[in-house]
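Overview (structure and organization)
Each chain, letter by letter, is given below.
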Amino acid sequence: MSRILIVMSAASVWERTDGSSYPTGYWAEELAAPHEKFVEAGHTVDFASPGGVLQPLDRHSADPEVAGADCAVYVAHAEKALREFGPLLKLDEVGIDDYAAVVLPGGHGPVVDLHQDADLGRLLTAADAAGKLIGAVCHGPAALLSAVDAEGAWLFAGREMAAFTDEEERLFGTAEGAPWLLAARLKEKGAVHSGGPAYEQFNVRDRNLFTGQNPASSTRMAEDMIAALG
């Protein structure tokens, strides 16, 4: 069986254009659903983040009115998985050779730190060059923006992908005041972005890149990656 690396953001706040700070953290379903599927399939999962910082839970992902009736199950699984894993690996000390896949869950954190994290950029560049699987869901695709070369060219330009849409950001109430919107930025940088109905499962595969639009797309992303791992 394979070893899979889940890279989390280390951000707990998202600074807004009006100077306010929006509390953020990992989105429970986006971390728990893939983790559960990978472990069930017999794979080993490691967690890493910038500096090895354990990001807090985004409390919205524990609210049934926001995250759905099953959110408590995802919260419990995520907290248990992180607790049992122990201290997160430091991203700058992680190499890709030990892993068959890298997974980037969301919450708003990736638009705060991972989108410009040079260590992650090097890791993703090496992963893609080696044909490793790369998965990203909801705001996780923001982390793909970190993979740029010395001239600033983006590794994933021209690739097909899904991500949290600008419509979903507006419906969630976080578009106004956002420094930038994810889907718009991905398209601006050259991604071939596509989306489905708001908050419904929508996934895209482009070779070794597996992306999902929103939390509801987390399970399908993991299932598709597991099938590709064989």
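Residues numbered from 1 in each chain as written. Predicted model: local features only at pLDDT ≥ 70, side-chain atom pairs only at ≥ 80, totals over all residues. Heavy atoms only, no water.

**Observations regarding the environment of Leu-145**
Here Leu-145 lies in the loop between strand E7 (133-137) and strand E8 (160-161). In this structure the C-alpha to C-alpha distance between Leu-145 and Leu-120, which are 25 residues apart in sequence, comes to 9.6 Å. With residues up to four places along the chain from it excluded, the contact list for Leu-145 reads His-115, Trp-154, Trp-180, Arg-185, Leu-186 and Lys-189. (Helix = DSSP H or I, 4+ residues; strand = E, 2+ residues; numbered from the N terminus. Contact = heavy atoms within 4.5 Å.)

**Some thoughts on the side chain of Thr-165**
Mapped onto the elements, Thr-165 comes out in the loop between E8 and helix H5 (166-172). In contact with Thr-165, not counting residues within four places along its chain, are Ala-183, His-193, Gly-195 and Gln-213.

**Here we look at the nonpolar core**
Membership of the largest hydrophobic core comes to 63 residues, with the highest contact counts inside it found for Val-7, Phe-47, Leu-104, Leu-120 and Leu-144. Contacts of Leu-120, omitting those with residues within four sequence positions, involve Val-7, Leu-91, Leu-104, Leu-114, Ala-143 and Ser-146. (Core = buried A, V, L, I, M, F, W, Y, C linked by side-chain atoms within 4.5 Å. Buried < 20%, exposed > 50% of the residue type's maximum accessible area, 1.4 Å probe, protein only.)

**Structural notes on the state of the cysteines**
Tallied over the full model, the rule gives zero disulfides. Of all cysteine sulfurs in the structure, the one in Cys-138 sits closest to Cys-71, which takes part in no disulfide; the separation is 15 Å. For Cys-71, a relative accessible area of 4% corresponds to the buried category. Cys-138 gets classed as buried once you look at its relative accessible area, which sits at 4%. (Disulfide = S-S within 2.5 Å.)

**As for the sheet that holds strand E10 (residues 203-206)**
A sheet is described by the order of its strands in space; here seven strands give the open sequence E5-E4-E1-E6-E7-E11-E10, paired in mixed fashion. Looking at the sheet topology across the chains shown, the edges are occupied by strand E5 (89-90) and E10. By the bridge criterion, four bridges tie strand E6 (residues 101-104) to E7 in an arrangement that is parallel. Bridged to Val-102 within E7 is Ile-134. Each of strand E1 (3-7), strand E4 (44-49), E6 and E7 touches helix H1 (residues 28-40); the most contacted strand, E4, lies at about 150° to it. Lying over the sheet, helix H7 (residues 218-229) contacts E1, E6, E7, E10 and strand E11 (209-212), oriented at roughly 175° with respect to E7. (Pairing = 2+ DSSP bridges. Axes fitted to C-alpha atoms, helices over the stretch in contact; angles between N-to-C directions.)

**Focus on the environment of Phe-47**
Turning to its location among the elements, Phe-47 is positioned in strand E4. Phe-47 sits 156 residues away from Asn-203 along the chain, and the two C-alpha atoms are 23 Å apart. Setting aside residues up to four positions removed in sequence, Phe-47 forms contacts with Leu-5, Ile-6, Met-8, Leu-31, His-35, Ala-81, Leu-82, Phe-85, Leu-88 and Leu-89.

**Quick word on the environment of Asp-166**
Structurally, the position occupied by Asp-166 is in helix H5. Taking the relative accessible area as the measure of exposure, Asp-166 reaches 16% and is therefore buried. Aside from chain neighbours lying at most four places away, what touches Asp-166 is Leu-181, Leu-182, Ala-183 and Ala-184. In terms of polar contacts, Asp-166 uses its side chain to reach the backbone amide nitrogen of Ala-183, at 3.4 Å. (Polar contact = N/O pair within 3.5 Å; in protein donor to acceptor, adjacent residues only side chain to side chain.)

**What to know about helix H4 (residues 118-129)**
With twelve residues, H4 ought to run about 16 Å at 1.5 Å a step, and its terminal C-alpha atoms sit 16 Å apart, in line with that. Of the surrounding elements, those touching the buried residues of H4 are E1, E6 and E7. Near the N-terminus of H4, the side chain that reaches the backbone nitrogen of Asp-119, with its oxygen 3.0 Å away, is that of Asp-117. Downstream of H4 by one or two residues, Gly-131 has phi in the positive range, about 75°. (Expected span 1.5 Å × (residues − 1).)

**A word on the side chain of Asp-46**
The topology assignment puts Asp-46 in strand E4. Polar contacts involving the side chain of Asp-46 include one to the side chain of Arg-3, which spans 3.1 Å. Looking at Asp-46, its side chain comes within polar contact range of the side chain of Tyr-99, at 2.6 Å. In this view, Asp-46 contacts Arg-3, Ile-4, Leu-5, Ile-6, Phe-85, Leu-89 and Tyr-99; residues no more than four positions away in its chain are not counted.

Take it as geometry only, folks, not as evidence of what the structure does.
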